[in-house]
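Letter by letter, the chains look like this.
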Amino acid sequence: MNRNISQLYQLSSKPVKRIIGLMSGTSFDGLDVALCEFKGSGNDTEVQVLNFTTVNYEEPFKQDLKSIFSKRVADIQKVTLLNEFIGSYFGELVLSCLKKWDLEPSTVDFIASHGQTIFHAPKSLHRLKEYGNGTLQIGDGDHLAVKTGIITISDFRQKHIASGGEGAPLAVYGDYLLFSSMHTARIMLNIGGIANFTYLPACKTPKGIFSTDVGPGNTLMDQYMQLNYPGRYYDEGAKLALSGTINQPLLKALLDNPFFNAGFPKTTGPELFSLAYLQLAITKSYKTDLKHEDVMATLSAFSAQSIILAINKSVPEAEPFEIYVSGGGMHNPLLMQQIEKHFKLGPIQSTAALGIDPDAKEAVLFALLANEAVAGGAVDYGDNIGFPSVSLGKISFPG
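Just so it is clear, the structure is predicted and the values come from calculations on it, not from any experiment. (Residues numbered from 1 in each chain as written. Predicted model: local features only at pLDDT ≥ 70, side-chain atom pairs only at ≥ 80, totals over all residues. Heavy atoms only, no water.)

### A word on the overall build of the protein
Logical step 1: In terms of helices and strands, the protein carries 14 helices and 12 strands.
Logical step 2: Here the C-alpha atoms of the protein give a radius of gyration of 21 Å, agreeing with the 21 Å that 2.2 N^0.38 yields for 399 residues.
Logical step 3: In terms of overall dimensions, the protein has C-alpha extents of about 70 × 50 × 45 Å along its principal axes.
Logical step 4: Contacts in the protein between residues far apart in sequence, at least 24 positions, make up 69% of those at least 6 positions apart.
Logical step 5: Only carbon and sulfur atoms are counted for the fraction: they give 52% of the accessible area of the protein, which is about 17,600 Å².
Logical step 6: Computed over 33 positive and 39 negative side-chain charges, the inter-centroid distance for the protein is 4 Å. (Helix = DSSP H or I, 4+ residues; strand = E, 2+ residues; numbered from the N terminus. Rg over C-alpha atoms; globule rule 2.2 N^0.38 Å. Contact = heavy atoms within 4.5 Å. Areas by Shrake-Rupley, 256 points an atom, 1.4 Å probe, with all protein chains shown as cover. Lys, Arg positive; Asp, Glu negative; His and termini not counted. Charge placed at Lys NZ, Arg CZ, Asp CG, Glu CD.)

### Section: the packing of aromatic side chains
Two descriptors summarise a pair of aromatic rings, namely the distance from one centre to the other and the angle between the planes of the rings.
Logical step 1: Summed over the entire model, instances satisfying the criterion amount to 21 aromatic pairs.
Logical step 2: For the ring pair Phe28 and Phe69, a centre distance of 5.1 Å and an interplane angle of 90° mean the geometry is edge-to-face. Placement of the pair is Phe28 in the loop between β1 (16-24) and β2 (30-39) and Phe69 in the loop between α2 (59-68) and α3 (76-100), with a sequence separation of 41 residues. Across the pair, exposure class does not vary: Phe28 and Phe69 are buried alike.
Logical step 3: Among the aromatic residues, those joined into a cluster by ring pairs are Phe259, Phe260, Phe273, Tyr277 and Phe302.
Logical step 4: Residue placement shows Arg232 over the ring face of Tyr229; its charged tip is 5.1 Å from the ring centre. (Phe/Tyr/Trp six-rings, centres within 6.5 Å; stacked < 30°, edge-to-face > 60°. Buried < 20%, exposed > 50% of the residue type's maximum accessible area, 1.4 Å probe, protein only. Lys NZ or Arg CZ within 6 Å of the ring centre and 35° of its normal.)

### Some thoughts on the sheet that holds strand β9 (residues 210-216)
Logical step 1: One open sheet holds the 5 strands; their spatial order is β9-β8-β7-β10-β11, and the pairing between them is mixed. The open sheet has two edge strands with one neighbour each: β9 and β11 (349-350).
Logical step 2: In the sheet, strand β7 (residues 185-191) pairs with strand β10 (residues 321-326) via 6 bridges, with the strands oriented parallel. Residue pairing for β10: Arg186 is matched across the bridge by Glu322. (Pairing = 2+ DSSP bridges.)

### Considerations on the pairing of strand β3 (residues 46-56)
Logical step 1: Strand direction decides the pairing type here: β2 and β3, joined by 10 bridges, are antiparallel. The residue bridging Leu31 from the neighbouring strand is Val55, located in β3.

### Looking at the pairing of strand β8 (residues 194-200)
Logical step 1: Summarising burial for β8: 7 of the 7 residues are buried, a large majority.
Logical step 2: With burial as the criterion, each face of β8 is covered, one bearing Ile194, Asn196, Thr198 and Leu200 and the other bearing Ala195, Phe197 and Tyr199.
Logical step 3: Both β7 and β8 contribute to a ladder of 6 bridges, which runs antiparallel. Bridge assignment links Asn190 to a residue of β8, and that residue is Asn196.
Logical step 4: Two successive antiparallel strands, β7 and β8, enclose a turn made up of 2 residues.
Logical step 5: Here 6 bridges tie β8 to β9, and the two strands are oriented antiparallel to one another. The residue bridging Phe197 from the neighbouring strand is Thr212, located in β9.

### Brief notes about the packing of helix α8 (residues 219-228) against helix α11 (residues 275-285)
The packing of two helices is summarised by the inter-axis angle and the distance between the axes.
Logical step 1: Following both chains from N to C, one finds α8 and α11 inclined at 90°, their axes separated by 10 Å at the closest point. Judged by the inter-axis angle, α8 sits roughly perpendicular to α11. The residues of α11 that touch α8, namely those facing Leu220, Gln223, Tyr224 and Leu227, are Leu275, Tyr277 and Leu278.
Logical step 2: Its residues placed into classes, the contact of α8 with α11 shows 6 nonpolar, 1 polar and no charged. (Axes fitted to C-alpha atoms, helices over the stretch in contact; angles between N-to-C directions. Parallel < 35°, antiparallel > 145°, perpendicular 65-115°, else oblique. Nonpolar A, V, L, I, M, F, W, Y, C, P; charged D, E, K, R; others polar.)

### Focus: the state of the cysteines
Logical step 1: This model, assessed by the stated rule, comprises 0 disulfides.
Logical step 2: Free cysteine Cys97: the closest other cysteine sulfur is in Cys36, separated by 13 Å. (Disulfide = S-S within 2.5 Å.)

### As for unusual backbone geometry
Logical step 1: The linkage connecting Ala168 with the following residue, Pro169, adopts the cis geometry, with an omega of -20°.
Logical step 2: Mapped onto the fold, Pro169 is located in the loop between α6 (157-162) and α7 (171-179).
Logical step 3: Residues Phe264 and Pro265 are joined by a peptide bond in cis, for which omega reads -5°.
Logical step 4: Of note, Ala238 is a non-glycine position whose phi angle comes to about 55°, a positive value.
Logical step 5: Along the chain, the position of Ala238 falls in the loop between α8 and α9 (239-242).

### Here's the deal with the side chain of Lys361
Logical step 1: Relative to the helices and strands, Lys361 resides in helix α14 (residues 361-375).
Logical step 2: With relative accessibility at 2%, the residue Lys361 sits in the buried group.
Logical step 3: Setting aside residues no more than four positions away along its own chain, Lys361 makes contact with Asp175, Phe179, Met188, Ser326, Thr351 and Ile356.

### Focus: the nonpolar core
Logical step 1: Within the largest apolar cluster, 50 residues are counted, with the highest numbers of intra-cluster contacts made by Ile187, Leu189, Phe197, Phe273, Leu299, Ile311 and Ile339.
Logical step 2: Among the elements that take part in this core, helix α12 (residues 292-314) stands out by supplying 10 residues, more than any other.
Logical step 3: Apart from the residues lying within four places of it in its own chain, the contact partners of Ile339 are Leu189, Ile191, Ala304, Ile307, Ile308 and Ile348.
Logical step 4: Counting residues in hydrophobic clusters, the runner-up holds 36 residues, among them Ile19, Met23, Ala112 and Phe156. (Core = buried A, V, L, I, M, F, W, Y, C linked by side-chain atoms within 4.5 Å.)

### Describing the pattern of salt bridges
Logical step 1: Across all of its chains, the model carries 8 salt bridges by this definition.
Logical step 2: Across the pair Lys147 and Glu92 runs a salt bridge, and its minimum N-O distance is 3.8 Å. On the criterion of sequence distance, the pair formed by Lys147 in helix α5 (residues 141-148) and Glu92 in helix α3 is long-range, its members being 55 residues apart.
Logical step 3: Taking the shortest distance from any N to any O, the salt bridge between Arg186 and Glu322 comes out at 3.6 Å. Of this pair, Arg186 sits in strand β7 while Glu322 sits in strand β10, and the two are 136 residues apart along the sequence.
Logical step 4: Accessibility expressed as a relative area gives 29% for Glu322, which makes it partly exposed. (Salt bridge = Lys/Arg side-chain N within 4 Å of Asp/Glu carboxyl O.)

This is a description of form; function is not addressed.
As structure tokens, then:
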């Protein structure tokens, strides 16, 4: 037997596995690194987060990512070079975290890397008849594995597309295995660059579960801040937006897009919700002289309304539910107030109430997908649309 396959077999058979989950989102703020300990798999999964940190990116790297992100025309040489560079760079960051945590790489069984999304192209967005759904994450797993000496599982979204999905959202697998309740329906709301949620009925079976993107989370607000306030990547504490007033004609124009009338599940990205999208809405609403704070207040309301509309349209009216939130948007007090005011559930809890740090959640969920790739695969998720019953991820060996 090939020694790599032999090692994989031995590690996948361990009753307790240590897996590092890596997540780098579309805000380019940094790399989330979660060291997780897994017992069991599938419906018997137990996870403990041993360490978590976000390693901030330096400005030149952020600019490199921004130069190719979400652009239909980009420098293909830079894309190619960054694919390798990011794999090695993530490896260096993992090693630095392990050193800080006083751990040897040999104590980690696997790395699970989401990579860096640079373009998301569902068929509903590109509308090219001869092509299906597409998405691209760079940061090659082989380079990460060689740099760290740790078997790496990466490129999770491709199997989802190959099996009929759109490559997103993938949180549904982890949400189901970790957060389903026999007694209460739950909505696991993640507000990243794009907002998405998983609906978990009050049962422990996959029937009725679905996950969908709903529209912009932080992406338009962040883009607007970066355009008009150089050096500020987001509206910290929603200070600017809280000082503004929602402009209703602009909000109406922002919500006037076929995406919001499309069925569920669906995916989207900054490829649609861009500054060009905002400019078109401003033109349609004849509101070209708005103050920055008013635009930000309206963009926050736009994100909140996208979430509210999607939940209202897709979740059974008769079934009460709880909402648990994660992602950067949970730190935006105005956005959270706007959502809470509509649903009248009181303060919305984060996933910390269920035992998972909300800032670490996405990194933990990719670690879980890696655990399923090497030790699971027994769960039948049924025939839910956008939720194919497949094992996700590609395996890269260190040597």
